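Each chain, letter by letter, is given below.
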Amino acid sequence: MYITEQYNMYRLAYDLITTDKYEILHMNPQTDELWLEKYERNVSKVIRFIHKGFDWKNHLKTDIASVFQRVKAMKRFFVGRNIEIYNVYITSHEPVDDWQLLKKPMQLKEKKPLKMKVFYLTEDNFIKEKTRLLNQINSQAQNEPELPSLNDQEKEVSLYKIKMSNLLHEKKKQYENVFTFGKPRFTYIFIALNIFMFLMLELNGGSLNIETLIQSGAKYNPAIVEGEWWRIVSSMFLHIGALHLFMNMLALYYLGTVVERIFGTARFVIIYFLAGIGGGLTSFAFNVHVAAGASGALFGLFGALLFFGIIYKRLFFQTMGKNLIFILAINLVFGFLVPQIDMGAHVGGLIMGFIAASITYVPNKKNIFVQIVSVVLYSLIAIYLALYGLHVHI
(Lines give C-alpha, C1' and ligand atoms only; values in the text may rest on other atoms or scores of the structure.)
Protein backbone atom coordinates (compact mmCIF):
# COMPACT_ATOMS: atom_id res chain seq x y z
CA MET A 1 0.00 0.00 0.00
CA TYR A 2 1.16 3.51 -0.82
CA ILE A 3 1.25 4.85 2.75
CA THR A 4 3.06 1.73 3.98
CA GLU A 5 5.73 2.17 1.33
CA GLN A 6 6.17 5.79 2.41
CA TYR A 7 6.33 4.75 6.04
CA ASN A 8 8.94 2.07 5.34
CA MET A 9 11.16 4.51 3.45
CA TYR A 10 11.06 7.37 5.94
CA ARG A 11 11.34 5.05 8.93
CA LEU A 12 14.38 3.30 7.45
CA ALA A 13 16.05 6.60 6.54
CA TYR A 14 15.40 8.06 9.98
CA ASP A 15 16.79 4.94 11.66
CA LEU A 16 20.02 5.31 9.67
CA ILE A 17 20.26 8.97 10.70
CA THR A 18 19.71 8.31 14.40
CA THR A 19 21.45 4.92 14.73
CA ASP A 20 24.29 5.07 12.20
CA LYS A 21 24.85 8.84 12.16
CA TYR A 22 24.09 9.40 8.49
CA GLU A 23 23.64 13.03 7.43
CA ILE A 24 20.89 14.36 5.18
CA LEU A 25 22.18 15.80 1.93
CA HIS A 26 18.90 16.35 0.12
CA MET A 27 15.20 15.88 0.76
CA ASN A 28 12.24 16.33 -1.59
CA PRO A 29 8.93 15.49 0.15
CA GLN A 30 6.98 16.05 -3.09
CA THR A 31 8.80 13.28 -4.99
CA ASP A 32 9.61 11.24 -1.86
CA GLU A 33 13.36 11.29 -2.51
CA LEU A 34 16.09 11.36 0.15
CA TRP A 35 19.88 11.44 -0.05
CA LEU A 36 21.99 10.48 2.97
CA GLU A 37 25.75 10.30 3.44
CA LYS A 38 28.13 8.85 5.99
CA TYR A 39 31.90 9.32 5.80
CA GLU A 40 34.23 6.69 7.20
CA ARG A 41 37.73 5.51 6.29
CA ASN A 42 37.99 7.87 3.34
CA VAL A 43 34.78 6.51 1.81
CA SER A 44 31.52 8.39 1.38
CA LYS A 45 28.59 6.01 1.65
CA VAL A 46 25.76 7.71 -0.22
CA ILE A 47 22.27 6.28 0.14
CA ARG A 48 19.61 7.48 -2.24
CA PHE A 49 16.05 6.56 -1.26
CA ILE A 50 13.16 7.05 -3.64
CA HIS A 51 9.54 5.97 -3.41
CA LYS A 52 9.13 4.98 -7.04
CA GLY A 53 8.66 1.85 -9.13
CA PHE A 54 9.28 0.87 -12.76
CA ASP A 55 7.35 -1.40 -15.08
CA TRP A 56 10.29 -2.17 -17.33
CA LYS A 57 14.00 -2.86 -16.83
CA ASN A 58 15.05 -0.20 -19.35
CA HIS A 59 13.20 2.47 -17.40
CA LEU A 60 15.02 1.38 -14.24
CA LYS A 61 18.37 1.42 -16.10
CA THR A 62 17.68 4.97 -17.25
CA ASP A 63 17.06 6.09 -13.67
CA ILE A 64 20.21 4.33 -12.47
CA ALA A 65 22.23 6.13 -15.16
CA SER A 66 20.74 9.48 -14.08
CA VAL A 67 21.78 8.78 -10.48
CA PHE A 68 25.36 8.15 -11.62
CA GLN A 69 25.34 11.48 -13.46
CA ARG A 70 23.86 13.33 -10.47
CA VAL A 71 26.54 11.95 -8.17
CA LYS A 72 29.24 12.98 -10.66
CA ALA A 73 27.83 16.50 -10.66
CA MET A 74 27.71 16.56 -6.84
CA LYS A 75 31.17 15.11 -6.19
CA ARG A 76 32.38 18.23 -4.41
CA PHE A 77 29.63 17.81 -1.82
CA PHE A 78 31.00 14.45 -0.71
CA VAL A 79 33.88 14.17 1.75
CA GLY A 80 35.47 10.86 0.81
CA ARG A 81 37.83 10.30 -2.11
CA ASN A 82 35.90 7.10 -2.88
CA ILE A 83 32.13 7.12 -3.27
CA GLU A 84 29.84 4.13 -2.80
CA ILE A 85 26.21 4.64 -3.88
CA TYR A 86 23.38 2.56 -2.43
CA ASN A 87 20.42 3.20 -4.70
CA VAL A 88 17.26 2.16 -2.85
CA TYR A 89 13.85 1.94 -4.56
CA ILE A 90 10.74 1.36 -2.45
CA THR A 91 7.61 0.49 -4.36
CA SER A 92 4.76 -2.01 -4.72
CA HIS A 93 5.98 -4.01 -7.73
CA GLU A 94 9.05 -5.11 -9.62
CA PRO A 95 9.65 -4.60 -13.37
CA VAL A 96 7.84 -7.27 -15.37
CA ASP A 97 10.91 -8.32 -17.41
CA ASP A 98 14.19 -9.81 -16.23
CA TRP A 99 15.87 -7.03 -14.27
CA GLN A 100 17.73 -8.99 -11.55
CA LEU A 101 21.13 -8.43 -13.21
CA LEU A 102 20.84 -4.77 -12.19
CA LYS A 103 21.29 -5.85 -8.56
CA LYS A 104 24.91 -6.74 -9.29
CA PRO A 105 27.52 -4.14 -8.21
CA MET A 106 28.08 -1.47 -10.87
CA GLN A 107 31.00 0.86 -11.47
CA LEU A 108 31.35 4.00 -13.54
CA LYS A 109 34.80 3.87 -15.15
CA GLU A 110 36.61 7.07 -14.23
CA LYS A 111 39.84 8.19 -12.61
CA LYS A 112 38.04 7.88 -9.29
CA PRO A 113 35.38 5.26 -10.10
CA LEU A 114 31.88 5.54 -8.68
CA LYS A 115 30.45 2.29 -7.34
CA MET A 116 26.74 1.53 -7.02
CA LYS A 117 24.54 -1.21 -5.61
CA VAL A 118 20.82 -1.32 -6.31
CA PHE A 119 18.15 -2.37 -3.82
CA TYR A 120 14.55 -2.80 -4.95
CA LEU A 121 12.20 -3.13 -1.97
CA THR A 122 8.64 -4.30 -2.58
CA GLU A 123 5.91 -5.69 -0.38
CA ASP A 124 6.99 -9.26 -1.19
CA ASN A 125 10.72 -8.89 -0.57
CA PHE A 126 10.90 -5.93 1.81
CA ILE A 127 12.48 -7.70 4.80
CA LYS A 128 14.95 -9.60 2.63
CA GLU A 129 16.10 -6.56 0.65
CA LYS A 130 16.18 -4.31 3.70
CA THR A 131 18.36 -6.86 5.51
CA ARG A 132 20.66 -7.01 2.47
CA LEU A 133 20.99 -3.23 2.53
CA LEU A 134 21.69 -3.07 6.27
CA ASN A 135 24.32 -5.79 5.97
CA GLN A 136 25.99 -4.08 3.00
CA ILE A 137 26.39 -0.79 4.86
CA ASN A 138 27.22 -2.47 8.22
CA SER A 139 24.24 -0.79 9.86
CA GLN A 140 23.28 -1.16 13.50
CA ALA A 141 19.62 -0.42 12.73
CA GLN A 142 17.17 -3.18 13.58
CA ASN A 143 14.25 -4.56 11.61
CA GLU A 144 10.92 -3.33 12.96
CA PRO A 145 8.90 -6.24 14.44
CA GLU A 146 5.50 -5.11 13.14
CA LEU A 147 3.84 -2.27 11.29
CA PRO A 148 1.61 0.28 13.05
CA SER A 149 -1.92 0.82 11.85
CA LEU A 150 -2.40 2.71 8.59
CA ASN A 151 -3.63 5.75 10.48
CA ASP A 152 -0.53 5.71 12.70
CA GLN A 153 1.71 5.16 9.68
CA GLU A 154 0.35 8.29 8.04
CA LYS A 155 0.91 10.31 11.19
CA GLU A 156 4.45 9.01 11.60
CA VAL A 157 5.34 9.73 7.96
CA SER A 158 4.35 13.36 8.51
CA LEU A 159 6.39 13.42 11.72
CA TYR A 160 9.48 11.92 10.03
CA LYS A 161 9.26 14.49 7.24
CA ILE A 162 9.13 17.31 9.78
CA LYS A 163 12.02 15.90 11.81
CA MET A 164 14.26 15.41 8.78
CA SER A 165 13.33 18.79 7.33
CA ASN A 166 14.31 20.37 10.66
CA LEU A 167 17.62 18.49 10.66
CA LEU A 168 18.36 19.75 7.16
CA HIS A 169 17.43 23.31 8.13
CA GLU A 170 19.58 23.19 11.29
CA LYS A 171 22.53 21.84 9.30
CA LYS A 172 22.21 24.65 6.75
CA LYS A 173 21.93 27.25 9.51
CA GLN A 174 24.94 25.81 11.33
CA TYR A 175 27.03 26.01 8.16
CA GLU A 176 25.94 29.59 7.56
CA ASN A 177 26.86 30.52 11.14
CA VAL A 178 30.34 29.09 10.67
CA PHE A 179 31.14 31.78 8.10
CA THR A 180 29.53 34.64 9.98
CA PHE A 181 30.88 34.21 13.51
CA GLY A 182 32.94 37.41 13.38
CA LYS A 183 33.20 40.64 11.43
CA PRO A 184 36.45 41.57 9.65
CA ARG A 185 37.35 44.60 11.75
CA PHE A 186 41.04 43.95 12.42
CA THR A 187 41.66 42.86 8.85
CA TYR A 188 40.96 46.42 7.75
CA ILE A 189 42.93 47.83 10.71
CA PHE A 190 45.98 45.75 9.74
CA ILE A 191 45.67 46.85 6.11
CA ALA A 192 45.48 50.50 7.16
CA LEU A 193 48.45 50.07 9.52
CA ASN A 194 50.57 48.45 6.80
CA ILE A 195 49.75 51.23 4.34
CA PHE A 196 50.52 53.87 6.99
CA MET A 197 53.90 52.29 7.77
CA PHE A 198 54.69 52.09 4.05
CA LEU A 199 54.01 55.81 3.66
CA MET A 200 56.25 56.51 6.65
CA LEU A 201 59.04 54.53 4.98
CA GLU A 202 58.61 56.45 1.74
CA LEU A 203 58.73 59.78 3.59
CA ASN A 204 61.86 58.81 5.50
CA GLY A 205 64.21 57.59 2.79
CA GLY A 206 62.16 55.08 0.78
CA SER A 207 60.92 51.55 1.32
CA LEU A 208 63.69 50.20 -0.93
CA ASN A 209 66.41 51.83 1.17
CA ILE A 210 68.04 49.17 3.37
CA GLU A 211 69.17 51.71 5.98
CA THR A 212 65.66 53.16 6.25
CA LEU A 213 64.23 49.65 6.64
CA ILE A 214 66.67 48.77 9.41
CA GLN A 215 66.04 52.03 11.25
CA SER A 216 62.27 51.50 10.97
CA GLY A 217 62.27 47.99 12.46
CA ALA A 218 62.92 45.47 9.66
CA LYS A 219 64.25 42.04 10.53
CA TYR A 220 67.98 42.59 10.85
CA ASN A 221 69.82 39.65 12.37
CA PRO A 222 72.79 41.51 13.97
CA ALA A 223 70.38 43.83 15.81
CA ILE A 224 68.22 40.88 16.97
CA VAL A 225 71.33 39.14 18.27
CA GLU A 226 72.00 42.30 20.28
CA GLY A 227 68.58 41.94 21.90
CA GLU A 228 66.20 43.81 19.59
CA TRP A 229 63.66 40.95 19.46
CA TRP A 230 60.84 43.42 18.86
CA ARG A 231 61.97 43.48 15.22
CA ILE A 232 60.30 40.10 14.76
CA VAL A 233 56.95 41.88 15.25
CA SER A 234 57.70 45.30 13.76
CA SER A 235 58.97 43.75 10.50
CA MET A 236 55.48 42.28 9.96
CA PHE A 237 54.17 45.78 9.18
CA LEU A 238 56.93 46.95 6.82
CA HIS A 239 57.08 46.28 3.08
CA ILE A 240 59.83 46.60 0.52
CA GLY A 241 58.39 48.41 -2.51
CA ALA A 242 54.86 49.22 -3.64
CA LEU A 243 54.36 45.89 -5.44
CA HIS A 244 55.27 43.95 -2.29
CA LEU A 245 52.76 46.00 -0.31
CA PHE A 246 50.01 45.66 -2.94
CA MET A 247 50.33 41.87 -3.25
CA ASN A 248 50.39 41.32 0.49
CA MET A 249 47.47 43.65 1.18
CA LEU A 250 45.44 42.00 -1.55
CA ALA A 251 46.12 38.63 0.06
CA LEU A 252 45.36 40.04 3.52
CA TYR A 253 42.03 41.39 2.30
CA TYR A 254 40.85 38.05 0.91
CA LEU A 255 42.40 35.73 3.49
CA GLY A 256 41.91 38.00 6.49
CA THR A 257 38.21 38.62 5.94
CA VAL A 258 37.54 34.88 5.62
CA VAL A 259 39.61 33.90 8.66
CA GLU A 260 38.21 36.69 10.83
CA ARG A 261 34.64 35.77 9.87
CA ILE A 262 35.26 32.11 10.69
CA PHE A 263 37.40 32.42 13.82
CA GLY A 264 36.21 35.76 15.18
CA THR A 265 38.29 38.87 15.84
CA ALA A 266 40.10 37.73 19.00
CA ARG A 267 41.20 34.40 17.53
CA PHE A 268 42.13 36.09 14.26
CA VAL A 269 44.44 38.58 15.99
CA ILE A 270 46.10 35.80 18.02
CA ILE A 271 46.61 33.64 14.92
CA TYR A 272 47.92 36.59 12.89
CA PHE A 273 50.54 37.58 15.47
CA LEU A 274 51.60 34.04 16.41
CA ALA A 275 51.99 33.13 12.74
CA GLY A 276 53.87 36.37 12.01
CA ILE A 277 56.18 35.82 14.96
CA GLY A 278 56.73 32.20 13.90
CA GLY A 279 57.56 33.32 10.37
CA GLY A 280 59.88 36.03 11.68
CA LEU A 281 61.75 33.59 13.92
CA THR A 282 62.13 31.13 11.04
CA SER A 283 63.50 33.93 8.87
CA PHE A 284 65.90 34.92 11.65
CA ALA A 285 67.12 31.32 11.93
CA PHE A 286 67.57 30.58 8.23
CA ASN A 287 67.81 33.86 6.31
CA VAL A 288 70.78 36.21 6.76
CA HIS A 289 69.30 39.07 4.72
CA VAL A 290 67.31 42.07 5.89
CA ALA A 291 63.64 41.11 5.61
CA ALA A 292 60.23 42.66 6.08
CA GLY A 293 56.61 41.99 5.18
CA ALA A 294 53.39 40.38 6.33
CA SER A 295 54.04 37.15 4.42
CA GLY A 296 54.62 35.02 7.52
CA ALA A 297 51.32 36.13 9.01
CA LEU A 298 49.54 35.69 5.66
CA PHE A 299 50.79 32.14 5.27
CA GLY A 300 49.65 31.63 8.84
CA LEU A 301 46.13 32.48 7.68
CA PHE A 302 46.49 29.71 5.09
CA GLY A 303 47.47 27.43 7.96
CA ALA A 304 44.43 28.51 9.97
CA LEU A 305 42.12 27.68 7.07
CA LEU A 306 43.77 24.27 6.70
CA PHE A 307 43.08 23.64 10.39
CA PHE A 308 39.48 24.73 9.81
CA GLY A 309 39.39 22.15 7.01
CA ILE A 310 40.28 19.41 9.47
CA ILE A 311 37.47 20.37 11.84
CA TYR A 312 34.88 21.02 9.09
CA LYS A 313 36.15 18.74 6.36
CA ARG A 314 32.90 18.48 4.41
CA LEU A 315 32.24 22.23 4.50
CA PHE A 316 35.87 23.04 3.67
CA PHE A 317 35.91 20.99 0.47
CA GLN A 318 32.40 22.05 -0.51
CA THR A 319 33.45 25.70 -0.43
CA MET A 320 37.08 26.84 -0.54
CA GLY A 321 39.11 23.66 -0.01
CA LYS A 322 40.42 22.67 -3.44
CA ASN A 323 41.00 26.25 -4.59
CA LEU A 324 42.79 27.14 -1.34
CA ILE A 325 45.12 24.14 -1.54
CA PHE A 326 45.83 24.91 -5.22
CA ILE A 327 46.69 28.57 -4.51
CA LEU A 328 48.83 27.60 -1.52
CA ALA A 329 50.72 25.03 -3.60
CA ILE A 330 51.39 27.61 -6.34
CA ASN A 331 52.70 30.10 -3.77
CA LEU A 332 55.00 27.52 -2.19
CA VAL A 333 56.39 26.31 -5.53
CA PHE A 334 56.86 29.90 -6.75
CA GLY A 335 58.58 30.80 -3.50
CA PHE A 336 61.09 27.98 -3.79
CA LEU A 337 61.85 28.90 -7.40
CA VAL A 338 62.49 32.62 -6.74
CA PRO A 339 65.65 33.15 -4.65
CA GLN A 340 64.64 36.62 -3.42
CA ILE A 341 61.56 35.30 -1.58
CA ASP A 342 62.02 34.59 2.13
CA MET A 343 60.71 31.03 2.19
CA GLY A 344 61.67 30.67 5.85
CA ALA A 345 59.02 33.23 6.74
CA HIS A 346 56.47 31.61 4.43
CA VAL A 347 56.89 28.03 5.61
CA GLY A 348 57.39 29.05 9.22
CA GLY A 349 54.27 31.21 9.11
CA LEU A 350 52.23 28.42 7.51
CA ILE A 351 53.21 25.86 10.15
CA MET A 352 52.93 28.24 13.10
CA GLY A 353 49.62 29.57 11.81
CA PHE A 354 48.24 26.04 11.74
CA ILE A 355 49.48 25.45 15.29
CA ALA A 356 48.11 28.83 16.41
CA ALA A 357 44.68 27.90 15.04
CA SER A 358 44.83 24.63 16.95
CA ILE A 359 45.59 26.68 20.10
CA THR A 360 42.62 29.01 19.68
CA TYR A 361 40.50 26.29 18.06
CA VAL A 362 37.33 27.17 16.16
CA PRO A 363 34.33 28.93 17.71
CA ASN A 364 31.85 26.77 19.63
CA LYS A 365 34.26 23.83 19.64
CA LYS A 366 37.18 22.94 21.85
CA ASN A 367 39.65 20.16 22.51
CA ILE A 368 41.62 20.96 25.65
CA PHE A 369 44.19 18.23 25.08
CA VAL A 370 44.95 19.37 21.53
CA GLN A 371 45.06 23.02 22.61
CA ILE A 372 47.51 22.34 25.47
CA VAL A 373 49.75 20.20 23.26
CA SER A 374 49.68 22.96 20.61
CA VAL A 375 50.76 25.61 23.14
CA VAL A 376 53.69 23.42 24.19
CA LEU A 377 54.59 22.63 20.58
CA TYR A 378 54.47 26.29 19.51
CA SER A 379 56.65 27.28 22.47
CA LEU A 380 59.23 24.58 21.79
CA ILE A 381 59.49 25.45 18.09
CA ALA A 382 59.77 29.18 18.84
CA ILE A 383 62.49 28.63 21.45
CA TYR A 384 64.38 26.28 19.13
CA LEU A 385 64.26 28.79 16.25
CA ALA A 386 65.44 31.62 18.50
CA LEU A 387 68.32 29.58 19.96
CA TYR A 388 69.30 28.20 16.57
CA GLY A 389 69.33 31.71 15.10
CA LEU A 390 71.51 32.98 17.93
CA HIS A 391 73.87 30.04 17.49
CA VAL A 392 74.21 30.65 13.73
CA HIS A 393 74.55 34.43 13.80
CA ILE A 394 76.71 35.08 16.88
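All of these numbers come straight from a predicted model, not from anything done at the bench.

Parameters at a glance
Sequence order sets the numbering: in each chain, residues are counted from 1 along the sequence as written. Selection of residues for local features in this predicted model requires a pLDDT of at least 70, selection of side-chain atom pairs for listing and counting requires 80 or more, and totals for whole chains, interfaces and linings are taken over all residues. Think of the side-chain values as coming from all heavy atoms in the structure, minus any hydrogens and water. Helix axes are fitted to C-alpha atoms over the stretch in contact, other axes to C-alpha atoms as well, and angles between N-to-C directions run from 0 to 180 degrees. Here a strand is any run of E in DSSP of at least two residues, a helix any run of H or I of at least four, and the numbering for each starts at the N terminus. Note that the term roughly parallel is reserved for angles under 35 degrees, roughly antiparallel for angles over 145, roughly perpendicular for angles of 65 to 115, and oblique for everything else. Should the near helix be turned anticlockwise from the far one by less than a right angle, the crossing is termed left-handed; should it be turned clockwise, right-handed. Here a residue-residue contact requires only that any non-hydrogen atoms of the pair lie within 4.5 Å. Only when DSSP finds a minimum of two bridges between them are two strands counted as paired. Buried residues of nine kinds, namely Ala, Val, Leu, Ile, Met, Phe, Trp, Tyr and Cys, make up a nonpolar core once their side-chain atoms join them within 4.5 Å. Exposed residues in this analysis have more than 50% of their type's maximum accessible area, buried residues have under 20%, and partly exposed residues fall in between, with area computed by a 1.4 Å probe over protein chains only. Pairing of N or O atoms within 3.5 Å defines a polar contact, subject to two protein rules: one partner must be a possible hydrogen donor and the other a possible acceptor, and residues neighboring in sequence count only if both atoms are side-chain atoms. Each helix should span, by expectation, one fewer than its residue count multiplied by 1.5 Å. A pair of Phe, Tyr and Trp rings is counted when the ring centres sit within 6.5 Å of each other, with Trp represented by its six-membered ring. The angle between the planes then sorts it: under 30 degrees is stacked, over 60 is edge-to-face, the rest tilted. Charged residues are taken to be Asp, Glu, Lys and Arg, nonpolar residues to be Ala, Val, Leu, Ile, Met, Phe, Trp, Tyr, Cys and Pro, and polar residues to be all remaining types, Gly included. Criterion for a salt bridge: a side-chain nitrogen of Lys or Arg within 4 Å of a carboxyl oxygen of Asp or Glu. Patches were defined on residues exceeding 30% relative accessible area and lacking a salt bridge, with like-charge contacts within 9 Å and nonpolar side-chain contacts (Val, Leu, Ile, Met, Phe, Trp, Tyr) within 5 Å. Shrake-Rupley sampling with a 1.4 Å probe provides the accessible areas, and residues are treated as covered by the protein chains on show and by no other component.

We now examine the packing of helix α10 (residues 265–286) against helix α15 (residues 368–393). Two quantities define a packed helix pair, namely the angle between the axes and the distance from one axis to the other. Contact geometry of α10 with α15 gives a least axis separation of 8 Å together with a crossing angle of 30 degrees. Looking at the two axes, α10 sits roughly parallel to α15. Classified by chirality, the crossing of α15 by α10 is left-handed. Contacts between α10 and α15 pair L274, I277, G278, L281, T282, F284, A285 and F286 from the former with Y378, A382, L385, A386, Y388, G389, L390 and H393 from the latter.

We now examine the sheet that holds strand β6 (residues 114–121). Reading across from one edge, β1-β2-β3-β4-β6-β5 is the order of the 6 strands in this open sheet, with mixed pairing throughout. Each edge of the open sheet carries a strand with a single partner, namely β1 (23–28) and β5 (106–108). Here the strands of the sheet are splayed against their neighbours by 20 degrees on average, with no regard to which way each runs. Note: strand β2 (residues 33–40) against strand β3 (residues 43–50), 8 bridges, orientation antiparallel. Paired with W35 across the strands is R48, a residue of β3. Against the sheet, helix α1 (residues 2–20) makes contact with β1, β2, β3 and β4 (82–90), and its axis sits at roughly 20 degrees relative to β2, the strand it touches most. Along the sheet, helix α3 (residues 126–136) makes contact with β3, β4 and β6, crossing β6 at roughly 155 degrees.

As a further point, take the nonpolar core. Counting 41 residues, the largest nonpolar core has L252, F263, Y272, L301 and F308 as its most contacted members. Broken down by secondary-structure element, the contributors of at least two residues to this core are α4 (150–178), α5 (185–203), α9 (242–263), α10, α11 (295–311), α12 (313–318), α13 (321–337) and α14 (343–360). Leaving out residues up to four positions away in the same chain, Y272 has contacts with F190, N194, M236, L252, A294, A297 and L301. Counting 29 residues, the second-largest nonpolar core is a separate cluster that includes Y7, L36, F119 and Y160.

As a further point, take the side chain of T360. With respect to the helices and strands, T360 occurs in helix α14. The exposure class assigned to T360 is buried, which follows from its relative accessible area of 12%. At 3.2 Å, the side chain of T360 and the backbone oxygen of A357 are in polar contact.

Right, let's get into α11. For α11, with 17 residues, the first-to-last C-alpha span of 25 Å sits near the 24 Å given by 1.5 Å per residue. Extensive coverage of α11 is indicated by the burial of 14 of its 17 residues.

Turning our eyes to something else, we now look at the packing of aromatic side chains. Going through the model one piece at a time under the given rule, you end up with 26 aromatic pairs. Where F186 meets F190, the ring centres are 5.7 Å apart and the plane angle is 65 degrees; that geometry is what we call edge-to-face. In this pair, F186 and F190 both sit in helix α5, 4 residues apart, roughly one turn of the helix. Clustering of aromatic rings is evident, with ring pairs tying together F186, F190, F237, F268, Y272 and F273.

At a closest axis distance of 9 Å, the pairing of α1 and α4 adopts a crossing angle of 40 degrees. Classified by the interaxial angle, the pair formed by α1 and α4 is oblique. When you trace α1 past α4, the crossing you get is left-handed. Touching I3, T4, Q6, Y7, Y10, R11, A13, Y14 and I17 of α1 are L150, Q153, E154, E156, V157, Y160, K161, K163, M164 and L167, all from α4. Its residues assigned to classes, the contact of α1 with α4 shows 11 nonpolar, 3 polar and 5 charged.

We now examine the pattern of salt bridges. Throughout the structure, instances matching the rule amount to 13 salt bridges. Two residues, E40 and K38, come together in a salt bridge whose shortest N-O distance is 3.8 Å. Salt-bridge contacts for E129 lead to R132; the nearest nitrogen and oxygen are separated by 2.9 Å. Taken together, the positions of E129 and R132, both in helix α3 and 3 residues apart, correspond to about one turn of that helix. In this structure, a network of salt bridges that share partners links the residues E23, E37, K171 and R314.

Our focus in this paragraph is a nonpolar patch on the surface. Where nonpolar side chains cluster on the molecular surface, the patch consists of Y188, L243, F246, M247, L250, Y253 and Y254 and spans about 770 Å² of accessible area. Mapping L243 onto the fold places it in helix α9.

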